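What follows is the residue order along each chain.
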Amino acid sequence: MRASTPSLRTILYTGAFVLLTSYAGCFACQSQAPTHTMMPPAKAETVDTMAPTVSVADYHWDLPEGFPEPPVPADNPMTVAKVDLGRHLFYDKRLSADGSLSCASCHEQAKAFSDGKALPVGIQGDVLTRNSMALFNMAYTPIFTWANPQIKHLEVQMLIPLFGEDPPELGRVGQEKELMETLAAVPMYQKKFAAAFPESTDPFTIKHLTQAMASFERSIVSADSPYDRYIYGGDDAAIPASARRGEALFFSERLECFHCHGGFNLSDSTQHAGSTFLEFNLHNTGLYAEYPATGQGLKDVTGREQDSGKFKAPSLRNIAVTAPYMHDGSVSDLDAVIDHYAAGGRAKEHPNKSGFVKGFTLSASEREDLLAFLNSLTDETFLTNPAYSDPFVGY
């Protein structure tokens, strides 16, 4: 490690890196919010929310009826210019030290911005320790990464792939000045950074880079699956009878799925502009009797044994296109996921295992119905939306 370069741990936990001075208090520890029973959203019902944190005249959220307004940080309001800049940066391999990787290398739109691999590979060929999470409805997510509740801002999360060292992803640690000089030399970026940050005399900063990328990621919304059209659009023909039977199973106390995957985003870690507190939970699903040293979950942050194996339950939107599953990609497909929970987990006696992972029995037809429901959560409009696609294609 370079003596003059702070480690990512230093960046994340002491705030030594210059960007973090503008996000004072964002790493304050927070007690885990209580679990709330989460039933399916009321069909075709308008959700009344408080005003958004920030209202920006030139940016419009294209949300269906029933979706609340996302919260936006007061110091990084949404603008069309910032979203456009962030989209270009997301797909630009110049963000990596050797020009070989971009964010999109591990987050492909056709796979709901996951990558189809058990574990991604960083710039130096190192296999990372966490499965690439799908990216959508990030504006509604109160905490980021699989198991670190201290990372509550997309602007801060971006520091991990850029400057993380253990192992390196994009490999830019110690190259902050070089990275910004590289981007500043590109005529396109000279225009786009100036348009995104018109009040700044020096728009080429790490802070502005992360703000633009966070704005693009917040703009990525998935809300047009067949199930959305059924629930929010009132279209009874949007999903087949099998999927409706699967919905009933999913939201039943018999299977318990909805406790961790409920609400409009099918997740128990959700926020919106009307939220009065951050709601999130981390769970041990009985995946291992002993979790490997590189994947202890929340325990990696707290050091507490009672937090071993606890990870965030991701949204189940687009779940059919984001295999393999779990934090380490160790479960190959949806049939195997159902097998895992039907068995009550691999490690049934783990002391930290969630009480909701108690096991169940399904008939063959019930399994087909549950799979039909999970497949109805795929949003083909989102997977092909040109607003989220690679802007460099055809250049």
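Preceding block: the structure.
(A) Layout of the overall build of the chain. Looking only at helices and strands, one finds 13 helices and two strands in the chain. Every one of the 395 residues in the chain was classed for burial, and the buried ones make up 55%. A separation of at least 24 residues holds for 68% of the contacts in the chain among residues at least 6 apart in sequence. When the accessible surface of the chain is split by element, carbon and sulfur atoms take 54% of a total near 16800 Å².

(B) The arrangement of the pattern of salt bridges in detail. Scanning the model with the defined rule gives 17 salt bridges in all. Between Lys-299 and Glu-305 there is a salt bridge, with the nearest N and O atoms lying 2.7 Å from each other. Judged by its relative accessible area of 22%, Lys-299 falls in the partly exposed class. Residues participating in the shared-partner salt-bridge network are Arg-304, Asp-307 and Lys-310.

(C) Spatial organisation of the packing of helix α9 (residues 241-250) against helix α12 (residues 364-375). Between α9 and α12, the shortest axis-to-axis distance is 7 Å and the interhelical angle comes to 95 degrees. Taken together, the axis directions place α9 and α12 in an arrangement best described as roughly perpendicular. Facing Ser-242, Ala-243, Arg-245, Gly-246, Glu-247, Leu-249 and Phe-250 of α9, the residues of α12 in contact are Glu-366, Glu-368, Asp-369, Leu-370, Ala-372, Phe-373 and Leu-374. Across the contact of α9 with α12, the residue classes break down as seven nonpolar, two polar and five charged.

(D) The arrangement of the packing of aromatic side chains in detail. Applying the stated criterion across every chain, the model contains 21 aromatic pairs. Taking 5.0 Å as the distance between ring centres and 75 degrees as the angle between the ring planes, the aromatic pair formed by Phe-250 and Phe-251 counts as edge-to-face. Phe-251 matches Phe-250 in its accessibility class, with the two residues each being buried. With a centroid separation of 6.2 Å and an interplanar angle of 70 degrees, the aromatic rings of Phe-251 and Phe-373 are classed as edge-to-face.

(E) Quick peek at unusual backbone geometry. At the junction of Asp-166 and Pro-167, the peptide bond is cis and its omega measures out at -5 degrees in the coordinates. The residue after Ala-323, namely Pro-324, is reached through a cis peptide bond having omega -5 degrees. Mapped onto the fold, Pro-324 is located in the loop between β2 (311-312) and α11 (334-342). At Thr-145, a position not held by glycine, the phi torsion is positive, near 70 degrees. Note that Thr-145 resides in the loop between α2 (80-90) and α3 (154-157). On the accessibility criterion, Thr-145 (23% relative accessible area) is partly exposed.

(F) Expanded view of the side chain of Lys-353. In this structure, Lys-353 sits in the loop between α11 and α12. We note that Lys-353 is buried and unpaired, the nearest opposite charge coming from Glu-349 at a distance of 6.5 Å. Within polar-contact distance, the side chain of Lys-353 engages the backbone oxygen of Gly-344 at 2.9 Å. Excluding anything up to four places from it in sequence, Lys-353 contacts Asn-284, Thr-285, Gly-286, Gly-344, Ala-347 and Lys-348.

(G) Expanded view of α12. The end-to-end C-alpha distance of α12, which contains 12 residues, comes to 17 Å, matching closely the 16 Å that a straight helix rising 1.5 Å per residue would cover. Along α12, the positions that sit buried rather than exposed are Asp-369, Leu-370, Leu-371, Phe-373 and Leu-374. Against the buried residues of α12 lie α8 (226-231), α9 and α11.

(H) Representation of the nonpolar core within the structure. Grouped together as the largest cluster of nonpolar side chains are 91 residues, with contacts concentrated most on Leu-89, Phe-90, Leu-183, Tyr-189, Phe-193, Phe-250 and Leu-374. Other than its neighbours up to four places away in sequence, Leu-374 contacts Phe-250, Leu-316, Ile-319 and Leu-334.

(I) The arrangement of the environment of Phe-204 in detail. On the secondary structure map, Phe-204 appears in the loop between α6 (187-196) and α7 (206-219). Residue classification places Phe-204 among the buried positions, given a relative accessible area of 16%. Along the primary structure Phe-204 and Gln-190 are separated by 14 residues, whereas in three dimensions their C-alpha atoms are 8.6 Å apart.

The rules behind these values
Residues numbered from 1 in each chain as written. Predicted model: local features only at pLDDT ≥ 70, side-chain atom pairs only at ≥ 80, totals over all residues. Heavy atoms only, no water. Helix = DSSP H or I, 4+ residues; strand = E, 2+ residues; numbered from the N terminus. Buried < 20%, exposed > 50% of the residue type's maximum accessible area, 1.4 Å probe, protein only. Contact = heavy atoms within 4.5 Å. Areas by Shrake-Rupley, 256 points an atom, 1.4 Å probe, with all protein chains shown as cover. Salt bridge = Lys/Arg side-chain N within 4 Å of Asp/Glu carboxyl O. Axes fitted to C-alpha atoms, helices over the stretch in contact; angles between N-to-C directions. Parallel < 35°, antiparallel > 145°, perpendicular 65-115°, else oblique. Nonpolar A, V, L, I, M, F, W, Y, C, P; charged D, E, K, R; others polar. Phe/Tyr/Trp six-rings, centres within 6.5 Å; stacked < 30°, edge-to-face > 60°. Lys, Arg positive; Asp, Glu negative; His and termini not counted. Polar contact = N/O pair within 3.5 Å; in protein donor to acceptor, adjacent residues only side chain to side chain. Expected span 1.5 Å × (residues − 1). Core = buried A, V, L, I, M, F, W, Y, C linked by side-chain atoms within 4.5 Å.

Read these as spatial facts, not as claims about activity.
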